[in-house]
Amino acid sequence: MESLIKFVQDEFVTKKEFPKFSSGDTITVYYEIREGEKTRTQFFKGVVIQRRGTGATETFTIRKMSGTVGVERIFPINLPALQKIEVNKRGKVRRSRIYYFRELTGKKARIKEVRG
């Protein structure tokens, strides 16, 4: 049964090409918003907290600070409204899911940048 699901996903689900990114990276996601008849592009810039799932069901969570309030957003990789993803900074973290990042504030909330 799993091989049948995998076959259908490989054949019929269109895969978009996005740059490689992982937890700790700061990325900007550009996505399309439809308001009635009009469409506009909006972006969401923040730190990747996690990537989960595989294939067509893969998602990633981004967290940004809006003033003093933390805002998180979950994006499916195969979302048709996703236009592009830019990797702004590569971060070095020891875990693949950095939930502890939610409680950190100020200088403790910094992530070491990987050059290169």
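Residues numbered from 1 in each chain as written. Predicted model: local features only at pLDDT ≥ 70, side-chain atom pairs only at ≥ 80, totals over all residues. Heavy atoms only, no water.

Per an unreviewed UniProt entry, the protein is named Large ribosomal subunit protein bL19, and its organism is Maribacter confluentis. The Function (unreviewed entry) comment attached to the protein in UniProt states, word for word, "This protein is located at the 30S-50S ribosomal subunit interface and may play a role in the structure and function of the aminoacyl-tRNA binding site." (UniProt positions renumbered as here; feature names shortened; annotations may be inferred.)

Student: Provide a residue-level description of the overall build of the protein, including the pertinent values.
Tutor: Secondary structure summary: the protein contains one helix and seven strands in total. Referenced to the eigenvectors of the C-alpha coordinate spread, the extents of the protein come out at roughly 45 × 40 × 30 Å. Per-residue burial over the protein gives 26% buried out of 116 residues. Long-range contacts, defined here as pairs at least 24 residues apart, represent 53% of the contacts in the protein between residues at least 6 apart. Just so you have it, the protein exposes about 8,600 Å², and 52% of that area is on carbon and sulfur atoms. (Helix = DSSP H or I, 4+ residues; strand = E, 2+ residues; numbered from the N terminus. Buried < 20%, exposed > 50% of the residue type's maximum accessible area, 1.4 Å probe, protein only. Contact = heavy atoms within 4.5 Å. Areas by Shrake-Rupley, 256 points an atom, 1.4 Å probe, with all protein chains shown as cover.)

Student: Quick rundown of the pattern of salt bridges? Include the residues and the values.
Tutor: Applying the stated criterion across every chain, the model contains seven salt bridges. Among the salt bridges present, the one from E32 reaches R34, with a minimum N-O distance of 3.4 Å. We classify E32 as partly exposed; its relative accessible area is 29%. On the basis of relative accessibility, which here comes to 63%, the residue R34 falls in the exposed class. Between R63 and E72 there is a salt bridge, and its shortest N-O distance comes to 3.0 Å. Through salt bridges with shared partners, one network takes in R63, E72 and R102. (Salt bridge = Lys/Arg side-chain N within 4 Å of Asp/Glu carboxyl O.)

Student: Account for the pairing of strand β2 (residues 38-52), naming residues and giving values.
Tutor: Bridge count between strand β1 (residues 26-35) and β2: 10 bridges; the pairing is antiparallel. By the bridge assignment, I27 is partnered in β2 with G46. Between β1 and β2, which pair antiparallel and follow one another directly, the connecting turn spans two residues, one of which, G36, has a positive phi of 70°. Pairing between β2 and strand β3 (residues 59-66): five bridges, direction antiparallel. Directly across from R52, in β3, lies its bridge partner T59. Hairpin connection of β2 to β3: six residues between the antiparallel strands, including G53 at a positive phi of 85°. (Pairing = 2+ DSSP bridges.)

Student: Account for the side chain of R63, with residues named and values stated.
Tutor: As for its position among the elements, R63 is in strand β3. The exposure class of R63 is buried, given its relative accessible area of 13%. In terms of polar contacts, R63 uses its side chain to reach the side chain of E72, at 3.0 Å. Leaving out residues up to four positions away in the same chain, R63 has contacts with G46, V47, I49, G70, V71, E72, F101 and R102. (Polar contact = N/O pair within 3.5 Å; in protein donor to acceptor, adjacent residues only side chain to side chain.)

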